[in-house]
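Close look at the chain arrangement
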Amino acid sequence: MEWLLSMPKVELHAHLNGSIRDSTILELARLLGEKGVIVFSDVEHVIMKNDRSLHEVFKLFDLIHILTTDHKTVTRITKEVVEDFASENVVYLELRTTPKRNDSIGMSKRSYMEAVVEGLRAVSAVDIDFAPHNTDGNPVNDMITNDICNGTTRKKIYVRLLLSIDRRETTEAAMETVKLALEMRDFGVLGIDLSGNPIVGEWSTFLPALEFAREQGLQITLHCGEVPNKEEINSMLDFLPQRVGHACFFQEEEWKKLKSSKIPVEICLTSNIRTNTIASIDIHHFANLYTEKHPLVLCTDDSGVFSTTLSKEYHLAASTFGLGKCEMFQLAKTAVGFIFADDGVKQDLEGIFDLAAKKLD
Ligand code: 5GP
């Protein structure tokens with residue numbers, strides 16, 4: 001486990017509000033309990049419950065959003081989440097979040113995202129590169145390039161943002177999110193994710209916003225096949241997103257389509273097992289995709305909600321599927337090829353992995 005922890009890693013599927021520390025959630029719940037907004041003992045039970053169905057997970061997210069959706073808290077959790085990922089040697093993090101509007105506290109989707117960016121600016125435990133270029137093309141963050149493995153310099157993490165469209169949203173709301181993503185490109189926003197309760201909403205509702213996003217050069221990743229919905233899975237694959245998340249309920253036809261299109265899959269082992277999307281780890285589609293050399297990347301999904309870390313996900317894959325040090329290192333390194341950031345970042349990351357490879361033996 002120690003070597004997996006020290007190995008550089010790339011995280012491409014992490015939801016901000018799903019990655020909150022338990023301690024932070026409990027602290028926020030206690031505070032709201034004291035104010036009489038919630039009954040702490042009821043909420044504590046929901047937060048600490050370990051096994052949740054996919055349906056219960058979305059109920060938990062509604063609760064988390066009540067606890068976290070004010071500007072100050074959004075800033076705090078962003079900072080903490082980034083520092084937590086960096087502490088386990090995640091060198092590149094694509095963090096996704098759903099911009100939220102809450103008129104009662106003067107929050108717009110934009111001000112929500114500004115609070116997220118504030119959180120990136122507030123990161124202090126490590127060096128962070130989150131907005132690579134000013135509008136004039138010069139780097140915003142001219143930070144020391146660190147050797148992540150030598151322990152003598154501060155760690156550095158690259159963070160880029162994806163804005164999520166929630167499946168509960170209308171076409172207009174989805175379009176608003178895409179426009180916001182376009183306005184915030186200089187703050188490291190690279191693309192759009194489609195997520196939220198998979199039994200809610202229709203593909204046709206989101207398609208216009210996703211097509212617009214693509215036309216404008218944003219990259220797209222879709223939660224795909226979390227529930228059995230053949231028609232939607234096929235529509236999503238025909239759309240040819242840059243990546244898909246999960247891919248659990250695929251049948252032969254969809255596997256064929258996925259494999260011929262070579263769309264990389266964001267694999268979230270613990271999340272799939274905890275939510276019973278996959279019955280047991282030994283039959284997870286990771287094994288087949290890995291064997292067939294289909295592009296894939298191990299991810300946490302919601303490290304707070306599912307009590308996991310990226311190192312634990314690598315450990316789970318290694319121990320279940322009998323993969324050794326070199327294979328796991330190679331798996332982590334190939335993920336660099338699937339990031340949404342530009343070639344400059346890719347080269348930096350490859351340099352980090354090359355350096356780490358020398359210390360592997
Ligand atoms: P946020 O976008 O608020 O930062 O992160 C939490 C949100 O991400 C949830 O409310 C939900 O919309 C989405 N999310 C988190 N985990 C999952 C997942 O496993 N599947 C899907 N479809 N959406 C998720």
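All of the points below concern the structure found in this document. Only a predicted model underlies this, so the values are computations on that prediction, with no experimental measurement involved. (Residues numbered from 1 in each chain as written. Predicted model: local features only at pLDDT ≥ 70, side-chain atom pairs only at ≥ 80, totals over all residues. Heavy atoms only, no water.)

Considering unusual backbone geometry
- If you check the backbone angles, Asn-276 has positive phi at about 60° while not being a glycine.
- At Ser-307, a residue that is not glycine, the phi angle is positive and equals roughly 45°.
- Relative to the helices and strands, Ser-307 resides in the loop between strand 9 (296-298) and helix 13 (310-321). (Helix = DSSP H or I, 4+ residues; strand = E, 2+ residues; numbered from the N terminus.)

A short note on a negative patch on the surface
- Together, Asp-342, Asp-343, Asp-348 and Glu-350 make up a negatively charged patch on the protein surface.
- The topology assignment puts Asp-343 in helix 15 (residues 343-358). (Patch = residues over 30% accessible without salt bridge, like charges linked within 9 Å, V, L, I, M, F, W, Y side chains within 5 Å. Areas by Shrake-Rupley, 256 points an atom, 1.4 Å probe, with all protein chains shown as cover. Salt bridge = Lys/Arg side-chain N within 4 Å of Asp/Glu carboxyl O. Lys, Arg positive; Asp, Glu negative; His and termini not counted. Charge placed at Lys NZ, Arg CZ, Asp CG, Glu CD.)

Structural notes on the environment of Met-7
- By the secondary structure assignment, Met-7 is in the loop between helix 1 (2-6) and strand 1 (9-15).
- Among the residues examined, Met-7 registers a relative accessible area of 4% and is labelled buried.
- Apart from the residues lying within four places of it in its own chain, the contact partners of Met-7 are Glu-88, Asn-89, Tyr-314, Met-328, Phe-329 and Ala-332. (Buried < 20%, exposed > 50% of the residue type's maximum accessible area, 1.4 Å probe, protein only. Contact = heavy atoms within 4.5 Å.)

Some words on the pattern of salt bridges
- Inspection of the entire model under this criterion finds 24 salt bridges.
- We note a salt bridge from Asp-103 to Arg-101, for which the minimum N-O separation is 3.0 Å.
- Glu-118 serves as the salt-bridge partner of Arg-121, at 3.1 Å between the closest nitrogen and oxygen. Residue Arg-121 and its partner Glu-118 are both found in helix 6 (residues 109-122); the two are separated by three residues, about one turn of the helix.

Notes on the state of the cysteines
- Using the criterion set out here, one finds zero disulfides in the structure.
- Cys-268 takes part in no disulfide bond, and the closest cysteine sulfur to it belongs to Cys-299, at a distance of 5.2 Å.
- Accessibility expressed as a relative area gives 0% for Cys-268, which makes it buried. (Disulfide = S-S within 2.5 Å.)

Looking at helix 7 (residues 171-183)
- For helix 7, built from 13 residues, the straight-helix expectation of 18 Å at 1.5 Å per residue is met to within 8% by its first-to-last C-alpha distance of 18 Å.
- Within the span of helix 7, buried status applies to Ala-173, Ala-174, Thr-177, Val-178, Leu-180 and Ala-181. Across the axial projection of helix 7, the buried residues extend over an arc of 160°, all falling on one side. More than 90 degrees from the buried face of helix 7, the exposed residues found are Glu-172 and Glu-183. (Expected span 1.5 Å × (residues − 1). Arc of directions from axis to C-beta.)

Examining the packing of aromatic side chains
- Enumeration over the complete set of coordinates arrives at six aromatic pairs.
- Between Phe-58 and Phe-61, the ring centres sit 6.0 Å apart and the planes meet at 50°, which makes this aromatic pair tilted. Highlighted residues: Phe-58 and Phe-61, both in helix 4 (residues 54-68), separated by three residues, approximately one helical turn.
- Look at Phe-58 and you get buried, because its relative accessible area is 18%.
- When the ring of Phe-286 is compared with that of Tyr-290, the centres are 5.5 Å apart and the planes differ by 15°; the resulting orientation is stacked. Taken together, the positions of Phe-286 and Tyr-290, both in helix 12 (residues 286-291) and four residues apart, correspond to about one turn of that helix.
- Taking the relative accessible area as the measure of exposure, Phe-286 reaches 1% and is therefore buried.
- Joined through ring pairs, the aromatic side chains of Phe-286, Tyr-290 and Phe-321 make up one cluster.
- Over the ring of Phe-239 we find Arg-214; its NZ or CZ atom is 4.0 Å from the centre of that ring.
- Taking NZ or CZ as reference, Arg-243 lies 3.9 Å from the ring centre of Phe-340, over its face. (Phe/Tyr/Trp six-rings, centres within 6.5 Å; stacked < 30°, edge-to-face > 60°. Lys NZ or Arg CZ within 6 Å of the ring centre and 35° of its normal.)

Quick notes on the pairing of strand 6 (residues 219-224)
- The buried fraction of strand 6 is high, at five of six residues.
- Direction of pairing for strand 5 (residues 189-195) relative to strand 6: parallel, over a ladder of four bridges. Residue pairing in the sheet places Asp-193 in a bridge with Thr-221 of strand 6.
- Remark: the strand 5/helix 8 (residues 203-215)/strand 6 crossover connection has right-handed handedness.
- Looking at chain direction, strand 6 and strand 7 (residues 243-246) are connected through four bridges and run parallel. Paired with Thr-221 across the strands is Arg-243, a residue of strand 7. (Pairing = 2+ DSSP bridges. Right-handed = clockwise from strand over helix to strand, strands pointing away.)

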